[in-house]
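What the coordinates show
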Amino acid sequence: MDLSWTSRQLSIRAEFASLGSRTDRDELRLGRRAFDQQTWDQLGGAGLWQMMVPTDFGGTGVDWWDVTAALEGLASTIRTPGLLLSVIAQAGMAYALDLFGTTAQKSDYFRRILRGELSATAIADPDTGTDVRASSTFLSPRANETFVLNGRKYNIAHAPVASFTLVVCKLEGHARDGISLVLVDQNCKGVTIGPQDRKLGNLDLPTGQLTFEDVPLHYGHILGVPGEGLRNLVRFVSLGRLYYGLVAATLCEPMLAEALSYAKTRQTFGQPIVDHQYVQKKLTDMRIAADSAKWVSYGALHQLLSGAPEAVMSCSIAKLAGASAITDGAVDLLKLYGSRGYHEGEVSTFLRDALAFCSVGGTEEMHRRNIMNQMMRKARPAAKAAVEPARDLETA
Ligand SMILES: Cc1cc2nc3c(=O)[nH]c(=O)nc-3n(C[C@H](O)[C@H](O)[C@H](O)COP(=O)(O)OP(=O)(O)OC[C@H]3O[C@@H](n4cnc5c(N)ncnc54)[C@H](O)[C@@H]3O)c2cc1C
């Protein structure tokens with residue numbers, strides 16, 4: 001087992017760290033107000049989209065460790081999650097296409113990804129949220145192998161600005177199973193894009209609602225087999241889950257370094273606050289949580305790419321570990337900085353943004369359900385577990 005970056009990956013990491021450090025720090029202090037198209041274009045210019053696309057479709061070949069090096073480099077300096085969440089969404093789309101796309105779908109959508117067009121993945125329904133299998137977004141078969149799509153999605157990253165969306169829906173006539181995945185162009189007849197959500201933080205990540213009314217589709221729009229989308233969905237969202245864990249952990253790094261410097265200079269009771277054990281606890285808690293999340297994320301990526309069955313559980317653990325590191329860490333930082341932390345600025349912005357990790361990529365309760373289900377599955381006799389349906393996979 002080799003747990004180190006290659007020299008190429010180190011240089012990718014350094015290049016994207018440099019790119020992240022050039023983003024506008026003044027906007028950061030107040031929280032960005034709009035999608036950062038300029039940095040997005042620079043990511044494309046530095047070859048990030050090519051790294052996610054196979055050579056047959058114009059990319060440099062898919063190497064998820066290279067993408068991970070770039071993402072981690074960017075996360076180490078950019079200081080705000082919004083654009084990282086956009087990259088994760090794009091990576092998830094490229095991964096889904098690579099795994100399950102037909103040649104025609106790959107050549108169309110990879111071309112658009114290479115051009116930097118934004119994609120969206122619409123899983124959450126306003127009425128059913130976490131419970132994906134209860135979705136009331138339906139794909140209904142019509143004559144001549146055509147379909148219509150009806151339903152609503154909410155809280156969707158890029159919905160107001162995406163060029164195409166992968167919609168998670170249910171094949172009509174199926175009960176809780178029958179999950180299907182369809183690729184829908186944003187300008188397709190019957191698609192209505194809602195206004196941009198007003199959120200607590202991550203203002204540079206435009207999210208919103210999508211409504212589908214008799215959207216005409218055919219087999220060419222369906223990713224994978226209609227009605228058998230749940231396993232595919234879990235497989236490609238798993239990449240996003242471990243990436244949420246990794247970026248959350250990496251975003252803590254510079255905040256922690258600055259907090260340590262601050263704690264060394266801020267004096268109370270005649271000594272720097274870093275000498276108080278309760279302050280040390282906050283700093284060490286954040287270090288332990290961030291390192292744990294980072295290493296479980298690497299392990300989860302290794303398992304996912306090697307097809308290990310444990311990957312589903314490890315990706316949930318990575319997401320949960322990262323979400324805890326950043327949300328608990330952000331609250332601890334606010335306390336460590338005293339009233340300065342509560343003023344408008346980097347620490348309070350960090351807290352506002354960090355809280356998105358409570359639900360983006362799935363809530364804590366959903367991931368715990370997933371982990372429990374996987375533990376139960378592992379404890380069952382092998383033959384029985386292999387034939388059972390995908391009922392024990394949680395998705396939202
Ligand atoms: C910044 C941001 C970006 C997002 N981007 C996307 C995106 O691109 N695509 C997308 O599809 N979604 C996206 N989401 C939405 C996110 O996936 C959902 O918020 C999430 O799935 C939870 O759904 P919900 O908000 O409807 O919560 P609900 O399902 O209403 O849940 C409410 C609460 O009940 C808990 N709960 C529900 N069921 C159970 C249970 N059985 N046991 C215990 N507790 C339970 C939940 O954990 C939660 O705490 C995004 C969210 C954010 C904040």
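Residues numbered from 1 in each chain as written. Predicted model: local features only at pLDDT ≥ 70, side-chain atom pairs only at ≥ 80, totals over all residues.

A few points about the packing of helix α8 (residues 229-265) against helix α9 (residues 277-305)
Across the interface, α8 lies against α9 with an axial gap of 8 Å and an inter-helix angle of 155°. Regarding the angle of α8 to α9, the classification is roughly antiparallel. For the crossing formed where α8 meets α9, the hand is left-handed. Of the residues in the contact of α8 with α9, the class split is 19 nonpolar, 4 polar and 3 charged. (Axes fitted to C-alpha atoms, helices over the stretch in contact; angles between N-to-C directions. Helix = DSSP H or I, 4+ residues; strand = E, 2+ residues; numbered from the N terminus. Parallel < 35°, antiparallel > 145°, perpendicular 65-115°, else oblique. Left-handed = near helix turned anticlockwise from the far one by under 90°. Nonpolar A, V, L, I, M, F, W, Y, C, P; charged D, E, K, R; others polar.)

Concerning the nonpolar core
Of all hydrophobic cores here, the largest spans 112 residues; its most connected members are Leu71, Leu84, Leu149, Val182, Val247 and Ala248. Counting residues per element, this core draws most heavily on α8, which supplies 17 residues. (Core = buried A, V, L, I, M, F, W, Y, C linked by C-beta atoms within 7 Å. Buried ≥ 20, exposed ≤ 12 C-beta atoms within 10 Å, placed from the backbone.)

With respect to the pairing of strand β2 (residues 138-142)
Both β2 and strand β3 (residues 146-157) contribute to a ladder of 5 bridges, which runs antiparallel. Counterpart to proline 141 in the pairing with β3 is phenylalanine 147. Between β2 and the antiparallel strand that follows it, β3, lie 3 residues; asparagine 144 among them carries a positive phi value of about 55°. Bridge count between β2 and strand β4 (residues 164-171): 2 bridges; the pairing is parallel. In the strand pairing of β4, phenylalanine 138 is matched with lysine 170. (Pairing = 2+ DSSP bridges.)

Some thoughts on unusual backbone geometry
A positive phi is found at asparagine 144, a non-glycine position, where the angle reads about 55°. Within the element layout of this structure, asparagine 144 appears in the loop between β2 and β3. Assessed through the 5 C-beta atoms surrounding it within 10 Å, asparagine 144 is described here as exposed. Although it is not a glycine, histidine 158 adopts a positive phi angle of roughly 80°.

Some remarks on the environment of serine 11
With respect to the secondary-structure elements, serine 11 resides in helix α1 (residues 7-21). Accessibility expressed as a C-beta count within 10 Å gives 13 for serine 11, which makes it partly exposed.

Regarding the site of the ligand
Taken together, 22 residues sit near the ligand, with Ile123, Gly129, Thr130, Thr363 and Glu365 positioned nearest. Taken together, the elements giving at least two residues each to the shell around the ligand come down to β1 (119-122), β3 and α13 (364-379). Considered class by class, the residues forming the shell around the ligand number 12 nonpolar, 9 polar and 1 charged. When residues are assigned to domains, the shell around the ligand turns out to be shared by domain 2 (120-221) and domain 3 (229-392), each giving three or more. (Near = placed C-beta within 6 Å. Domains from an automatic or database assignment.)

Focus: helix α5 (residues 64-77)
For α5, with 14 residues, the first-to-last C-alpha span of 20 Å sits near the 20 Å given by 1.5 Å per residue. Within α5, 11 of the 14 residues are buried, leaving the element largely enclosed by the surrounding structure. Among all positions of α5, only Trp64, Asp66, Val67, Thr68, Ala69, Ala70, Leu71, Glu72, Gly73, Leu74 and Ala75 are buried. Of the surrounding secondary structure, the elements contacted by the buried residues of α5 are α1, α4 (48-51), α6 (82-100), α8 and α9. Backbone geometry just after α5 places arginine 79 at a positive phi near 75°. (Expected span 1.5 Å × (residues − 1). Contact = placed C-beta atoms within 7 Å.)

A short note on the domain arrangement of the chain
Annotation of the chain at the domain level lists domain 1 (7-117), domain 2 (120-221) and domain 3 (229-392). Domain 1 and domain 3 are separated by 21 Å when their C-alpha centres are compared. The interface is formed by 22 residues belonging to domain 1 together with 24 residues belonging to domain 3. At 9 residues, α6 tops the list of elements feeding residues into the side of domain 1 that touches domain 3. Among the residues making up the side of domain 1 that touches domain 3, the classes are represented as 14 nonpolar, 5 polar and 3 charged.

Some points on the pairing of β4
β4 sits mainly inside the fold: 8 of its 8 residues count as buried. Here β1 pairs with β4 via 4 bridges, running parallel. Its bridge partner being in β4, serine 119 is matched across the sheet by phenylalanine 164. The pairing of β4 with strand β5 (residues 179-185) spans 7 bridges and is antiparallel. Among the inter-strand pairings, leucine 166 is bridged to a residue of β5, identified as leucine 183.

Some points on helix α7 (residues 103-114)
Along its 12 residues, α7 runs 16 Å from first to last C-alpha, staying within 8% of the 16 Å computed at 1.5 Å per residue. When we look at burial in α7, the residues that qualify are Tyr109, Phe110 and Ile113. Down the axis, α7 shows its buried residues gathered within 105° of arc, on one side only. In α7, the exposed positions that point more than 90 degrees away from the buried face belong to Thr103 and Ala104. Contacts from the buried residues of α7 go to α4, α6, β1, β4 and β5. (Arc of directions from axis to C-beta.)

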